[in-house]
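Single-letter residue listing:
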Amino acid sequence: MDAARRKQLIMAVANTIISHADELTALDQAIGDGDHGVNMKRGFEAVLADADNLAAKPLPEMLKGLGTHLVMKVGGASGPLFGTLFLSLAKEIPADPTLDEVSRALGQAIEAVKARGKSAVGQKTMLDVLEPVRAELADADRHDLVARLERRAAAAARATAPMRAIRGRASYLGDRSIGHMDPGARSVWLIVAAICDALASPARHEEKA
Amino acid sequence: MIKGSAAHVGIVIVSHSSKVAEGAADMVRQMVGDSVPLAWTGGNPDGGLGTDVAGILAAIDAAWSPAGVAILVDLGGAETNSEMAVELLDETRRRKVAICNAPIVEGAVIAATEAAGGSPLDVVKRTAEELSPL
């Protein structure tokens, strides 16, 4: 993966979060404190502003830089949670990973997110999309993998709607949290979809204005 | 950010609101006095409601004491961001910081009272946490 490709991935992820900030905020207003969209947007705007610098680094250092921006800029619990996801991926992933290495690194990162959030799969959180995506990545059958990942992420995020929140602000609502998609799960879905779309499209090089 | 005695455990107050954090710190100063290092931080990096890892790190630094620092937090993100900040400290400092599971205002006053008496960090933390419902 070259710098142009890394930049394409960074831009795709940052832009999708930024352009969905209102939707994420609306989801969070339903079951949380209504700051998820604006917080994630603040974090990914810092990522976007640093995209050239980040893309010039090898993959692990790029992920570390991205995670650090989220930790320092998001300003809510999603900062350490999404920051920890990228910081632990950075620690576990080689510079030019195979799919097996990506799925193993994601498994380690998921454990780190669980520890950070004192949470587990099935509690209506970002983990409920991360874990199915990891399982899909680990599948030995690689046929049509990118499209399958995207579908799996979408289905997993939607499946958080009927769940009852146990962790985070949504847990204060108890049964009233049922019926709304978890905003953190939606953010992971958006990130996975952006990565899949970018990987499915040919590498783009800097467009001159 | 007024410095107290270096022999006493320092107190850091982390709220989503800078007004709550500052107000809690004012109460500590009035009720406990100036013998304890004390710092507060509140608000996200843009100044809105939320918490800020860089602000928490700066507050830990400002209230630093060789005896350690006890952190009082309010809701969810304040705790998660405080844990993140503690993890970013170097190894020797990290072991001397404790996040207290206690109500922020009452916990800060009780923790500071205990710290002013010269108690070590684990006692300061435990005393603050005795206020907790669980």
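Notes on the structure in this doc start here. Bear in mind that the values here come from a model prediction, so they are computed numbers and not experimental data.

## Side note on the side chain of H36 of chain A
All names here are of chain A. In this structure, H36 sits in helix α3 (residues 36–49). The exposure class of H36 is buried, given its relative accessible area of 6%. If we ignore the near neighbours within four places in the chain, the residues touching H36 are L24, D28, S78, F82, P183, G184 and S187.

## Observations concerning the interface of chain A and chain B
Taken together, the contacts link 15 residues of chain A with 20 residues of chain B. Buried area between chain A and chain B, summed over both chains or domains, comes out near 1,400 Å², and the portion from carbon and sulfur atoms is 53%. It is R42, M72 and R116 of chain A that lose the most area in chain A upon contact with chain B, and together they represent 38% of the buried surface on that side. At the junction of chain A and chain B, the tally comes to 4 salt bridges. The partner of E87 of chain B in a salt bridge is R116 of chain A, with the nearest N and O atoms 2.8 Å apart. Where chain A touches chain B, the interface holds 5 residue pairs in polar contact (both at pLDDT 80 or more). Within the residue set of the side of chain A that touches chain B, elements represented by two or more residues are α3, α5 (59–73) and α6 (78–92) of chain A.

## What to know about α5 of chain A
When the terminal C-alpha atoms of α5 of chain A are compared, their 21 Å separation across 15 residues agrees well with the 21 Å that a helix rising 1.5 Å per residue should span. Within α5 of chain A the residues assigned to the buried category are L59, P60, M62, L63, G65, L66, G67, L70 and V71 of chain A. Packed against the buried residues of α5 of chain A are α1 (3–19), α3, α4 (51–55) and α6 of chain A together with α2 (53–62) and α3 (76–88) of chain B. Positive backbone phi, approximately 85°, marks G75 of chain A, located one or two places after α5 of chain A.

## Observations concerning the sheet that holds strand β1 (residues 10–15) of chain B
All names here are of chain B. If you trace the 4 strands from one edge of the open sheet to the other, you get β2-β1-β3-β4, paired in parallel fashion. The sheet is open, and its two borders are formed by β2 (38–42) and β4 (97–100), each paired with just one other strand. Each strand axis lies, on average, 20° off the axis of its neighbour in the sheet, ignoring direction. Pairing of β1 with β2 involves 5 bridges; the strand directions are parallel. By the bridge assignment for β2, I13 is matched with W40. The strands touched by helix α1 (residues 18–32) are β1 and β2; relative to β2, the strand with the most contacts, the crossing angle is about 165°. Those strands touched by α2 are β1, β2 and β3 (69–73), and its axis lies near 170° from that of β2.

## Observations regarding the layout of surface pockets
All names here are of chain A. The space that makes up the second largest pocket amounts to roughly 820 Å³. Taken together, 31 residues make up the lining of the second largest pocket; nearest its centre are I93, V102, L137, I195 and L199. Elements that contribute at least two residues to the lining of the second largest pocket include exactly α1, α5, α6, α7 (99–117), α8 (127–138), α9 (145–158) and α10 (183–200). Here the lining of the second largest pocket gets 6 residues from one element, more than from any other, and that element is α10.

## Considerations on the pairing of β1 of chain B
All names here are of chain B. Judged by how many residues are buried, β1 sits mostly within the fold: 6 of 6 residues are covered. Alternating positions in β1 separate into two faces, G10, V12 and V14 on one and I11, I13 and S15 on the other, with burial throughout. Pairing analysis gives 5 bridges linking β1 to β3, with the strands arranged parallel. Its bridge partner lying in β3, V14 is registered against V73.

## A closer look at the environment of R142 of chain A
Residues and elements named next belong to chain A. The residue R142 is located in the loop between α8 and α9 in this model. Judged by its relative accessible area of 30%, R142 is partly exposed. Sequence separation of R142 and L99 is 43 residues, and the distance between their C-alpha atoms is 9.4 Å. Ignoring sequence-local partners within four residues, the contact set of R142 consists of L99, D100, L137 and R148. A distance of 3.0 Å separates a polar atom in the side chain of R142 from a polar atom in the side chain of D100.

Rules and cut-offs
Residues numbered from 1 in each chain as written. Chains lettered and ligands numbered in written order. Predicted model: local features only at pLDDT ≥ 70, side-chain atom pairs only at ≥ 80, totals over all residues. Heavy atoms only, no water. Helix = DSSP H or I, 4+ residues; strand = E, 2+ residues; numbered from the N terminus. Buried < 20%, exposed > 50% of the residue type's maximum accessible area, 1.4 Å probe, protein only. Contact = heavy atoms within 4.5 Å. Buried area = accessible area lost by both parts, 1.4 Å probe. Salt bridge = Lys/Arg side-chain N within 4 Å of Asp/Glu carboxyl O. Polar contact = N/O pair within 3.5 Å; in protein donor to acceptor, adjacent residues only side chain to side chain. Expected span 1.5 Å × (residues − 1). Pairing = 2+ DSSP bridges. Axes fitted to C-alpha atoms, helices over the stretch in contact; angles between N-to-C directions. 1 Å grid on protein atoms, 1.4 Å probe; cavity = no way out; pocket = protein on both sides within 12 Å on 5 of 7 lines; lining within 4 Å. Points joined across faces, edges and corners; volume = space filled by probe spheres on them.

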